[in-house]
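# Results of the structural survey
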Amino acid sequence: MATRQSADNAGHASVKTALRVIEIIEIYAQEGRSLTLTELSKRLDAPMSSCLGLIRTLVSRGYLYETGKRQGYYPTARLLHTAQRIAHNDPVLERMQPVMESLRDATGETVVFGQLQDNRVRYLDVCESANPVRYITAPGDLREPHINSIGRAILGASSDQTRDQVLDKLSFTPGAAHAGVSRETLESQLRQWREQGWYSNFGESFADLGGIAVPITIGDAIYGLSVAGPLYRVQPRAAEIVAALQAAARGLGSHAARHADSPIPPQEPRA
């Protein structure tokens, strides 16, 4: 019993250490400057001794360097080079990036690629629009699936069992944060969206945001690919954006390709 408890404690400590390292990297991304040990300790809300151990390890591995005793520490280029090597060899994103870039150029809007993780949409990659007024987000961001075009696309393409498992854990209580529509209304909309082959979010997550998505199947995993931007630009151009998304889906040979030749209804798309 004691041995198992010791193993559990060691595992918890390892997870906490890993989380601290990630938090340090994110703090540097937010601050954009050298940080002293005292500043890092305060930002992490961690004891100076624990923080010093992490910093010394990162320095010894070549991921941080000392900018001077008063200035503190800053990440080296090794972090960037390591991330670039990882990204270059990503089996999914390597395939998706040229498709996303082409879609961004064709629509002029931000393109997002994501999947469901723990009942929420995780953005895996983003190709940001060059427009001054645009949708801004980043890889790693999380969204509620029932009011997100990617989440809706994945739910619509998933099995009944998988969809029910996700919906069972979402809040549809009126007045709750991100409650959106009722579950019955959402399920009805998902059936309609599945028939037309594309999924929308017109001002439901953010008042001025419009998003249109299609499901993408790679291997045995279902992803979502969306075009998002200011509602006043996206909604009137829905037919054009849907055509571009479906062309991208056909190019990938995805699940969404079976809808590629479906006529786009002339009426205003449903929200």
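The text that follows walks through the structure, step by step, so that each part is easy to find.

The rules we used
Residues numbered from 1 in each chain as written. Predicted model: local features only at pLDDT ≥ 70, side-chain atom pairs only at ≥ 80, totals over all residues. Heavy atoms only, no water. Salt bridge = Lys/Arg side-chain N within 4 Å of Asp/Glu carboxyl O. Helix = DSSP H or I, 4+ residues; strand = E, 2+ residues; numbered from the N terminus. Buried < 20%, exposed > 50% of the residue type's maximum accessible area, 1.4 Å probe, protein only.

What follows covers the pattern of salt bridges. One pass over the full model with this rule turns up 15 salt bridges. Notably, a salt bridge pairs Glu 109 with Arg 237, separated by 3.6 Å at the nearest N-O pair. Note that Glu 109 is positioned in the loop between α5 (93–107) and β3 (110–117) and Arg 237 in the loop between α9 (231–234) and α10 (238–252), a separation of 128 residues in sequence. Overall, Arg 237 belongs to the partly exposed group, its relative accessible area being 22%. Asp 168 is the partner of Arg 183 in a salt bridge, and the nearest nitrogen-oxygen pair spans 2.6 Å. Taken together, the positions of Arg 183 in helix α8 (residues 183–196) and Asp 168 in the loop between α7 (160–167) and α8 put the pair 15 residues apart, joining distant regions of the chain. Among the charged side chains, a network of salt bridges with common partners joins Glu 31, Arg 33, Glu 39 and Arg 43.

Quick look at unusual backbone geometry now. A positive phi angle, near 55 degrees, is found at Asp 45, a position not held by glycine. Note that Asp 45 resides in the loop between α2 (37–44) and α3 (48–60). A positive phi is found at Asn 119, a non-glycine position, where the angle reads about 70 degrees. By the secondary structure assignment, Asn 119 is in the loop between β3 and β4 (120–127).

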